[in-house]
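Per-entry structural report
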Amino acid sequence: MDSKEWIDVQVNYSFPSLSQPYTQKELDMFYGVMDIETFTSGSESNQYEDIVIRPQKPYAIGYLLNDAMVKDNISPIRTFYIDEAEYDSDRLILNFIHDLQKHGKKITLFAHNLGKFDGIILCSTLTRYGYKIDTRWVDENKLYKIVVTTPEGGRLTFIDSLNILNSNLGSLAKSFKSRVLKGHFPYNFVNEATLNYFGKTPHFSYYSDFIDYKEYIETRSDCWDLKAQCIQYLESDLRALLFVLNAFNGEVYKDAHLNITKYNTISSITYNVFMSSYYETDHNLVRVRGNVESFIRKAYYGGTCRVFKNELFNGFTYDKVSIYPSVMLNDMPVGNPKLVYNINIKDDFFGFVKAKVLAPPNTVLKNTVLPYRDPKGVTITYPRGCFEGVWFFEELKHAHSLGYKVSIEYGFSFQRGKGLFNKYINEIFPKKKLALDPVSRITAKLMLNSLYGRFGIRDRDIAVEFVGGERAWELENTYNLMEMSEIYNDLYLVKYNKKAKLSWEVQNDNGVVSSKPVFANSGKAGGSSVHISAAITAYARIEIAKFMNIPGNECFYTDTDSVVIQNMLPDTEVGDDLGKIRLEYIVRHGIFIREKLYCLLTNEYKLIKKASGVDSKSLTYSDYISLLAGNNVTLTNTKFFSHWNHLTITINDLLITLRGVPSSSTAIIIYNKPHTDLVVYSPSTNKNINYIPYAKRPFLPYDPVNNTARERIKISEPKQPLASKIIPTDWYRLYNPY
């Protein structure tokens with residue numbers, strides 16, 4: 001009997017359908033904004049970590065309310081500055097809370113970066129003065145809301161606006177055309193000795209990151225008052241943030257009758273806009289759970305970010321126009337899933353499958369296209385050789401068309417949902433493209449780009465409580481805790497998943513009765529509609545993969561929605577319409593060290609720098625050239641660190657070493673069978689080797705900075721032995737699906 005004939009089982013699943021949210025009857029303007037200014041308060045030893053920290057101490061705080069909230073002719077904007085006699089930061093925070101309650105018992109304020117800055121400062125003081133704190137988290141690392149219950153019975157809600165508009169305030173104010181822009185202030189000049197400074201404007205070095213020298217000269221003064229300047233700066237930030245939030249809130253309400261005060265992240269807002277105004281229930285979107293959700297999540301790989309060659313001369317960078325919205329017009333997996341065996345790659349199947357694959361050699365396909373996640377679920381690569389995984393069937397079919405051999409074990413099929421997002425995309429994209437009003441254009445852009453990821457968010461319920469020892473003990477015996485830290489004497493921070501409860505199993509071991517915890521629910525496989533997100537990102541990878549192997553047009557780098565290639569694309573493919581590709585830069589010289597670390601020198605001698613994890617401003621063109629040559633580059637980065645486990649914010653100077661291009665940086669990982677031996681494959685020699693030699697790269701012959709010619713430099717190749725070839729090229733015959 002054929003091994004494929006004895007399994008022909010189909011299992012139907014039934015999961016809950018997504019519900020449509022209620023819209024709001026009125027525009028909610030009952031909110032305001034707040035901000036806190038801090039200075040670095042010396043250095044001290046940290047009792048929790050074996051390092052020296054420089055804690056941040058608040059010295060100014062303010063709030064601004066919308067007119068709808070203001071009572072009894074009280075000023076809508078209030079600022080507080082630390083008392084010069086006491087220098088008591090706690091008293092500063094308590095005065096702010098007390099004053100805020102003059103406007104009512106229920107107050108909502110937005111703070112830009114509440115989760116990693118303002119919220120920690122508030123909680124640090126309020127937990128020590130008897131205030132009840134309730135925090136809400138998107139996941140274990142991302143806070144979005146703090147609810148404070150005051151001793152007087154007030155309820156103060158603080159929301160992180162950075163989760164809604166994820167950009168710095170200066171950029172937002174400019175983009176939204178705010179009349180009041182974010183100001184400039186010498187943060188590092190402030191310390192305990194200068195809090196009441198009056199004299200000459202601080203040196204330009206304190207401003208150099210924000211303004212140019214000409215502007216500094218025009219504004220400096222001999223009568224510069226730090227307190228007055230701080231209050232002015234604080235008020236400008238408050239007015240700019242409130243303007244931006246009001247503009248965005250008004251636009252969302254105009255389009256969908258929803259208020260941003262009801263939703264705490266941009267993805268939540270866009271999801272509810274779609275579900276309330278555009279979703280047709282006939283599509284029957286469901287929230288899958290358990291093993292089905294975990295299985296499909298393995299096919300959720302995200303965008304394509306890859307380096308194919310480390311250096312480019314005279315090439316082109318193209319950007320795919322709204323890549324995720326454009327692929328959302330494709331068929332989507334809807335309805336309840338069905339477990340199916342006996343699937344062939346040529347079948348009319350639609351869904352997600354587990355399969356074994358064999359990638360073609362580089363003589364057939366120069367650049368691989370199918371992602372693979374390692375057994376630990378951490379690293380994603382695009383290997384050659386044979387390996388197994390879970391993929392969206394459409395992506396697997398695309399890989400098969402390029403020469404991959406495929407053998408499918410089983411999968412979950414869905415109905416083809418045609419036009420699920422068509423109305424949403426076709427109405428909102430023209431607003432982004434054609435709107436003259438900047439608020440409408442920015443809102444449309446956020447609506448287009450923030451929706452797809454929401455479907456992949458797990459249904460988890462993270463809680464963080466600040467409690468005494470007795471309550472901490474109770475939580476420890478009720479939930480599978482994620483974290484428990486003692487902040488002060490008998491005050492604990494306890495973080496847990498409300499869906500991860502423990503049950504206790506009584507044991508009798510030779511007459512000795514004991515109990516042990518049993519995880520009744522791990523909480524890690526909560527429901528989601530991840531099949532939608534996984535399908536959308538797979539379609540996007542297919543689109544980018546089309547540019548990786550164009551005959552005669554070598555691909556050097558890809559990043560989610562962009563590609564860097566040697567030659568220009570035909571005019572028929574280029575344009576600003578949805579799904580087209582747009583020329584972004586003409587590149588004289590490109591250096592690609594690794595994913596998210598590269599620079600481009602354009603034909604106009606503009607230097608475009610990207611450096612994930614570090615400030616790209618601290619890297620020079622020469623640094624990238626040095627990295628390309630295999631040398632390490634060490635930088636000093638000043639970073640803020642948020643410590644919820646002991647409610648402090650510190651600022652530290654970190655030495656960060658960027659490693660130069662290793663000898664195997666452009667190599668391709670090969671697996672000779674799933675999860676086993678790892679070797680490196682050289683596209684240039686078509687052999688499996690231990691290393692890929694450095695290319696003998698010519699440096700750019702013209703130095704645009706010094707306007708001089710430079711001598712071309714050749715880099716020598718390290719001498720290392722070749723490894724034996726171990727890939728069984730006949731692997732696919734063992735699993736040939738034909």
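Heads up: these notes are all about the structure in this document. Just so we're clear, the structure is a prediction, and the values are computed from it rather than from any experiment.

**Re the pattern of salt bridges**
Evaluated as defined, the whole model comprises 29 salt bridges. Between lysine 596 and aspartate 559 there is a salt bridge, and its shortest N-O distance comes to 2.9 Å. Taken together, the residues span a long stretch of sequence, with lysine 596 in the loop between β27 (581-594) and β28 (597-602) and aspartate 559 in strand β25 (residues 555-559) at a distance of 37 residues.

**Concerning the packing of aromatic side chains**
Under the defined criterion, the tally for this structure stands at 42 aromatic pairs. A ring pair is formed by tyrosine 59 and tyrosine 81, whose centres lie 5.8 Å apart and whose planes are at 85 degrees; its orientation type is edge-to-face. Note that tyrosine 59 is positioned in strand β5 (residues 56-65) and tyrosine 81 in strand β6 (residues 77-81), a separation of 22 residues in sequence. Taken individually, tyrosine 59 and tyrosine 81 each receive the classification buried, so the pair is uniform in this respect. When the ring of tyrosine 278 is compared with that of tyrosine 424, the centres are 5.1 Å apart and the planes differ by 90 degrees; the resulting orientation is edge-to-face. Of this pair, tyrosine 278 sits in the loop between α6 (266-277) and α7 (290-297) while tyrosine 424 sits in helix α10 (residues 422-434), and the two are 146 residues apart along the sequence.

**Quick look at the sheet that holds strand β14 (residues 311-320)**
Strand order in the open sheet formed by seven strands is β13-β25-β26-β14-β27-β28-β29, with antiparallel pairing between adjacent strands. This sheet does not close on itself; its edge strands, each paired only once, are β13 (305-307) and β29 (607-611). Taking each pair of neighbouring strands and ignoring which way they run, the sheet shows an average axis angle of 30 degrees. Relative to β27, β14 is paired through nine bridges, and the arrangement is antiparallel. Bridge pairing in β27 places phenylalanine 316 opposite isoleucine 586.

**Focus: the nonpolar core**
Membership of the largest hydrophobic core comes to 131 residues, with the highest contact counts inside it found for Tyr59, Phe248, Phe274, Leu396 and Phe421. Setting aside residues no more than four positions away along its own chain, phenylalanine 248 makes contact with Ile164, Leu165, Phe176, Ile260, Ile266, Ile269, Val439, Thr443, Leu446 and Met447. If you look at the next biggest cluster of nonpolar residues, it comprises 40 residues, including Ile36, Tyr63, Tyr131 and Ile133.

**Focus: helix α5 (residues 226-256)**
The terminal C-alpha atoms of α5, which comprises 31 residues, lie 45 Å apart, in line with the 45 Å expected from a rise of 1.5 Å per residue. Taking the backbone nitrogen of lysine 227 as reference, a side-chain oxygen 3.1 Å away marks aspartate 225 as the first, capping residue of α5. Where α5 ends, the next residue or the one after it, histidine 257, has phi of about 55 degrees, a positive value.

Definitions and cut-offs
Residues numbered from 1 in each chain as written. Predicted model: local features only at pLDDT ≥ 70, side-chain atom pairs only at ≥ 80, totals over all residues. Heavy atoms only, no water. Salt bridge = Lys/Arg side-chain N within 4 Å of Asp/Glu carboxyl O. Helix = DSSP H or I, 4+ residues; strand = E, 2+ residues; numbered from the N terminus. Phe/Tyr/Trp six-rings, centres within 6.5 Å; stacked < 30°, edge-to-face > 60°. Buried < 20%, exposed > 50% of the residue type's maximum accessible area, 1.4 Å probe, protein only. Pairing = 2+ DSSP bridges. Axes fitted to C-alpha atoms, helices over the stretch in contact; angles between N-to-C directions. Core = buried A, V, L, I, M, F, W, Y, C linked by side-chain atoms within 4.5 Å. Contact = heavy atoms within 4.5 Å. Expected span 1.5 Å × (residues − 1). Polar contact = N/O pair within 3.5 Å; in protein donor to acceptor, adjacent residues only side chain to side chain.

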